[in-house]
Amino acid sequence: MMFSGIQEILVLVGIAAAIFLLPRLGTRSRPPVPVRRLFPSPLTRLSGGMRLAVSASLLWPLGAAVYLEPWQNGPRAFLLAGLLPVAALWGMAWVTAGFRNKRR
């Protein structure tokens, strides 16, 4: 009677070991499958010029806001000198990228 309890425990330990250890033993013989991401990170594809353009697009309106103080003098000068140049340059970049893609 006493051996039946120990035998049941040993069977459970054997089943648990088989569940956890057997899948690991099978993966050592074949090389791991490389993980391919469906959407790669866009930050890894940015060139140095594009990173410069993005940072300048953030810093130009910030500098214009500090210099023109639109919260005291009104937003019109800030919109013309701070946001309009950034929007115009990104618009031109978008249009030229469209023409370049059309040629391919």
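It should be emphasised that the depicted structure is a prediction, and the values quoted were computed from it without experimental measurement. (Residues numbered from 1 in each chain as written. Predicted model: local features only at pLDDT ≥ 70, side-chain atom pairs only at ≥ 80, totals over all residues. Heavy atoms only, no water.)

A. Quick peek at the overall build of the protein chain. Scanning the protein chain from N- to C-terminus turns up 4 helices and 0 strands. The secondary structure elements of the protein chain, listed N-terminal to C-terminal, are α-α-α-α. Here the protein chain holds 104 residues, and 8% of them are scored as buried. Accessible area of the protein chain: about 9900 Å², with a carbon and sulfur share of 71%. (Helix = DSSP H or I, 4+ residues; strand = E, 2+ residues; numbered from the N terminus. Buried < 20%, exposed > 50% of the residue type's maximum accessible area, 1.4 Å probe, protein only. Areas by Shrake-Rupley, 256 points an atom, 1.4 Å probe, with all protein chains shown as cover.)

B. Structural detail: a nonpolar patch on the surface. Taken together, the side chains of Val-11, Leu-12, Ile-15, Ile-19, Phe-20 and Leu-21 present a nonpolar region at the surface, about 640 Å² in accessible area. Tracing the backbone shows Leu-21 in helix α1 (residues 2–27). (Patch = residues over 30% accessible without salt bridge, like charges linked within 9 Å, V, L, I, M, F, W, Y side chains within 5 Å. Salt bridge = Lys/Arg side-chain N within 4 Å of Asp/Glu carboxyl O.)

C. Representation of the environment of Leu-68 in the model. Mapping Leu-68 onto the fold places it in helix α2 (residues 48–68). Spatially, the C-alpha atom of Leu-68 lies 8.9 Å from that of Ala-81, the residues being 13 residues apart in sequence.

D. Inspection of the environment of Trp-60 at higher detail. Along the polypeptide, Trp-60 turns up in helix α2. You can call Trp-60 partly exposed: its relative accessible area is 48%. With 25 residues separating them along the chain, Trp-60 and Pro-85 place their C-alpha atoms 8.9 Å apart. Excluding its chain neighbours within four sequence positions, the residues that come into contact with Trp-60 are Ala-81, Gly-82, Pro-85 and Val-86. (Contact = heavy atoms within 4.5 Å.)

E. View of α2. Taking 1.5 Å as the rise per residue, α2 with 21 residues should run 30 Å; its terminal C-alpha atoms sit 30 Å apart, in good agreement. Ser-57, Pro-61, Ala-64 and Ala-65 are the residues of α2 that are buried. (Expected span 1.5 Å × (residues − 1).)

F. View of unusual backbone geometry. Of note in the backbone geometry, Glu-69 takes a positive phi value of approximately 45° without being a glycine. Of note, Glu-69 is situated in the loop between α2 and α3 (70–73). Overall, Glu-69 belongs to the partly exposed group, its relative accessible area being 29%.

G. Representation of the confidence of the model for the protein chain in the model. Counting all residues, the mean pLDDT for the protein chain is 82, and 85% of those residues have values of 70 or more. No element of the protein chain has a lower mean pLDDT than α1, at 77, and none a higher one than α2, at 91. (pLDDT = per-residue confidence, 0-100.)

H. Molecular detail of the side chain of Ser-57. In this fold, Ser-57 is placed in helix α2. When its relative accessible area of 17% is taken as the criterion, Ser-57 is described as buried. A distance of 2.8 Å separates a polar side-chain atom of Ser-57 from the backbone oxygen of Ala-53. (Polar contact = N/O pair within 3.5 Å; in protein donor to acceptor, adjacent residues only side chain to side chain.)

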